[in-house]
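Notes for the structure review
What follows is each chain in one-letter form.
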Amino acid sequence: MAFPVALFPSALLSDVTYVKTAQIQWTNFSAWLITGALLLGGFALLWSAIATWAARERVERRHNGVVTVLLALAWIAGLFNAFQHSHDGWASVGTMGVVLSVLSTILALAAGWVGHSQGRVLAVEAGR
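Definitions and limits used
Residues numbered from 1 in each chain as written. Predicted model: local features only at pLDDT ≥ 70, side-chain atom pairs only at ≥ 80, totals over all residues. Heavy atoms only, no water. Helix = DSSP H or I, 4+ residues; strand = E, 2+ residues; numbered from the N terminus. Buried < 20%, exposed > 50% of the residue type's maximum accessible area, 1.4 Å probe, protein only. 1 Å grid on protein atoms, 1.4 Å probe; cavity = no way out; pocket = protein on both sides within 12 Å on 5 of 7 lines; lining within 4 Å. Points joined across faces, edges and corners; volume = space filled by probe spheres on them. Axes fitted to C-alpha atoms, helices over the stretch in contact; angles between N-to-C directions. Parallel < 35°, antiparallel > 145°, perpendicular 65-115°, else oblique. Left-handed = near helix turned anticlockwise from the far one by under 90°. Nonpolar A, V, L, I, M, F, W, Y, C, P; charged D, E, K, R; others polar. Polar contact = N/O pair within 3.5 Å; in protein donor to acceptor, adjacent residues only side chain to side chain. Contact = heavy atoms within 4.5 Å.

Let's shift gears to unusual backbone geometry. The phi angle at Ala 22 is positive, at roughly 60°, despite the residue not being glycine. Counting through the fold element by element, Ala 22 comes out in the loop between helix H1 (2-21) and helix H2 (25-54). Look at Ala 22 and you get exposed, because its relative accessible area is 57%.

Here's what the structure looks like:
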């Protein structure tokens, strides 16, 4: 989970830097960060789906399911963002690239938040 939570916001920051400076290398940085988030986030998504399927308690399954859905949405937004960043020059980032970066960042951070708070929620709901 750490990679999409770190790499999607980093891609957003490099997109914003590109918009401010127009230095083309920032689009390359964004593309690399998005690719890393997709590759390593795919493993997090797979593991989350397995954890959802293997959960024994209904409450645990629900929380794992929320994390899985958020990660899947972040991954899909990131995939469209990777396609957007494969264009040349200004067309690679532009408004759509920044919007997709914001969307994938928000979804990845939400998945990280829900995933991290899951242990505390399960403990409270189980009365431990």
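Once you've had a look at it, read on.
Right, let's get into empty space enclosed by the protein. Applying the stated criterion across every chain yields a total of one cavity of 30 Å³ or more. What lines the largest cavity is simply Pro 4, Phe 8, Gly 41, Leu 71, Ala 74 and Trp 75. Take the lining of the largest cavity: its biggest share by element is three residues, from helix H3 (residues 58-85).

Two elements in contact, H2 and H3, have axes separated by 9 Å at closest approach and are oriented at 155°. Considering their axes alone, H2 and H3 lie roughly antiparallel with respect to each other. H3 is crossed by H2, and the crossing has left-handed handedness. Looking at the contact of H2 with H3 residue by residue, the classes come out as 13 nonpolar, twelve polar and one charged.

By the secondary structure assignment, Ser 104 is in helix H4 (residues 94-126). With relative accessibility at 0%, the residue Ser 104 sits in the buried group. Here Ser 101 takes part through its backbone oxygen, which lies 3.2 Å from a polar atom of the side chain of Ser 104. With residues near it in sequence (within four places) discarded, Ser 104 still touches Phe 8, Ala 74, Ala 77, Gly 78 and Asn 81.

By themselves, these observations are geometric and do not establish any function.
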